[in-house]
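Residues per chain, in single letters:
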Amino acid sequence: MSGKADPRQAGDGSTSRTRLDRGRAALGPALELVHTGRAPTRAVLTAELGVTRATAGAVAAELEALGLIRVDARPGAAAGSQGRPSHKLAVADDGPVALAAQVHADGFRAALVGLGGRIVATAPGCEVVDADPAKVLASVVTAGAELLRETGLRCVGAGLAVPSAVAEPEGLALNPLHLAWPAGAPVRDIFAEQVRAAGIDGPAFAANDVNLAALAEHRHGAGRGARDLLCVATGHRGVGGALVLDGRLHRGSSGLALEVGHLTVHPEGRPCHCGSRGCLDVETDPLAFLTEAGREPGPEVSLLQQSIDLIRHHHDDPAVRTAAEALIDRLGLGLAGLVNILNPDRIILGGLHRTLLDADPARLRAVVADRSLWGQSGGVPILPCTLDHNSLVGAAELAWQPVLDDPLGALSSRG
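Quick notes on the rules
Within each chain, residues carry numbers counting from 1 in the order of the written sequence. In keeping with the model being predicted, local features are shown solely for residues with a pLDDT of at least 70 and side-chain atom pairs are shown and tallied solely at 80 or more, while totals for entire chains, interfaces and linings include all residues. Here the side-chain values reflect all heavy atoms present in the structure, with hydrogen atoms and water set aside. Any two strands are treated as partners once DSSP identifies two or more bridges connecting them. Think of it this way: any DSSP run of H or I at least four residues long counts as a helix, any run of E at least two long counts as a strand, and we number them from the N terminus. Every angle, taken between N-to-C directions, lies between 0 and 180 degrees, and every axis is a line fitted to C-alpha atoms, over only the stretch in contact when it is a helix. The contact criterion used throughout is that any non-hydrogen atoms of two residues lie within 4.5 Å. Here the nonpolar core consists of buried residues drawn from Ala, Val, Leu, Ile, Met, Phe, Trp, Tyr and Cys, with membership extended through side-chain atoms lying within 4.5 Å. Only protein chains enter the accessibility calculation, which uses a 1.4 Å probe; a residue is then buried when its area is under 20% of its type maximum, exposed when over 50%, and partly exposed in between.

Colleague: An account of the sheet that holds strand β6 (residues 155-162) is requested, with residue identities and associated values reported.
Modeller: Judged by pairing direction, the sheet is mixed, and its five strands sit side by side in the order β5-β4-β3-β6-β9 without closing on themselves. The open sheet has two edge strands with one neighbour each: β5 (119-122) and β9 (204-208). Neighbour-to-neighbour, the strand axes of this sheet turn through a mean angle of 25°, independent of strand direction. Strand direction decides the pairing type here: β6 and β9, joined by five bridges, are parallel.

Following this line, the structure appears as structure tokens:
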């Protein structure tokens, strides 16, 4: 038997290594395409990356070896009437997860979120939020750590959503008005300390809850495909806004962009926490709606849920209908101002605003069109958010981002 190597085998190995080396730079973009559902097959992945079929195959195989995606072993029918059958791509059902946490005025919750924005497990929500952020974040991280123990899944990192502007680069919650937390609480550092203390691997992040809702909706929900996406939502108290430009959150110079809650929409209206009157924050949130409808808030469920239930089940009540119309008109005025300034190609609404849109879409769209410069010549689509727990999904996106940027580096650095 000859001791010479088979030249075909040598050539095949060299070619394979070259393809893989060439494809390493494409691992992150490829993973993001699968993560956001834009590459359901290897053929689409090849076209989107602008690489050869062989390179796309090597990239998909590497992501599968990392436990991030699943490649169907048997090619399925090609999309359309022409072309070869192509292997289907999907995120791995048993792949790593991110720990996501959310704190709001009516409680907090932890969840595990996989690639694709898929919520794998959630812990029972807590309805009591302590005035000490360290106690609250310790509790929510403990709940997340228990989920990780129960599932045995690998964690890539942790993300936290809070109802406050979060200043960068320090990670300070500047105005957690509805939590009784001190202004400027270092929530990111506190959260990171609790994550480390729980023995959870990966980096920890924190951001505003509506920013994260917008990011999640842009990647996985009602905002998919938008170039300039405006999100406005009520949350449980107050009003927040966010803008996603070319797939990235617009944070401003220090993380404080899009504080839309302090647009004046009713000059003689309610006093606002900011010192002004009639701000969107106090004129279109759940408490404003219940007050406008003459309902006394009860302790049984959150103000948000009480408001949604009232609109859905008692819309024929004249007081409820009048209150809904008043909030729709004020919300429309605020949205029109934002359209004039930002010129988005899509608006999505969350929380109570989503329910107001569902209750009377024609009225809200008419107010926006009537008051905005561009609305009358070409109306901006106004859509409801579609993801359940979108702030939690968005918090997970923060933790997934380093993996999306560099899958091999991010995962190999954590053993």
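Colleague: Tell me about the sheet that holds strand β12 (residues 248-249), and please be specific about residues and values.
Modeller: The sheet built from five strands is open, its strands ordered β12-β11-β10-β13-β14 with mixed pairing. Looking at which strands have only one partner, the edges of the open sheet turn out to be β12 and β14 (382-384). With six bridges connecting them, strand β10 (residues 228-233) and strand β11 (residues 240-245) associate as antiparallel partners. Looking at the pairing, valine 232 lines up with glycine 241 of β11. Along the sheet face, helix α11 (residues 318-342) touches β10, β11 and β13 (346-350) and points at about 155° away from the line of β10.

Colleague: Before we move on, could you go through the nonpolar core and cite the residues and values that matter?
Modeller: The biggest cluster of nonpolar side chains holds 36 residues, and the ones touching the most others in it are Leu31, Leu45, Leu63, Leu68, Ile69, Trp400 and Val403. In this structure, Val260, Val265, Leu280 and Ile311 belong to the second largest nonpolar core, which totals 35 residues.

Colleague: Describe unusual backbone geometry, listing the residues and the values that go with them.
Modeller: Between glutamate 168 and proline 169 the backbone carries a cis peptide bond, its omega angle lying at 10°. As for its position among the elements, proline 169 is in the loop between β7 (166-167) and β8 (172-173). Not every positive phi belongs to a glycine, and alanine 180 is a case in point at roughly 65°. In this fold, alanine 180 is placed in the loop between β8 and α6 (187-197). With phi around 55°, histidine 389 is a residue other than glycine that occupies positive phi space. Note on placement: histidine 389 falls in the loop between β14 and α14 (390-405). On the basis of relative accessible area, histidine 389 is assigned to the partly exposed category, the value being 42%.

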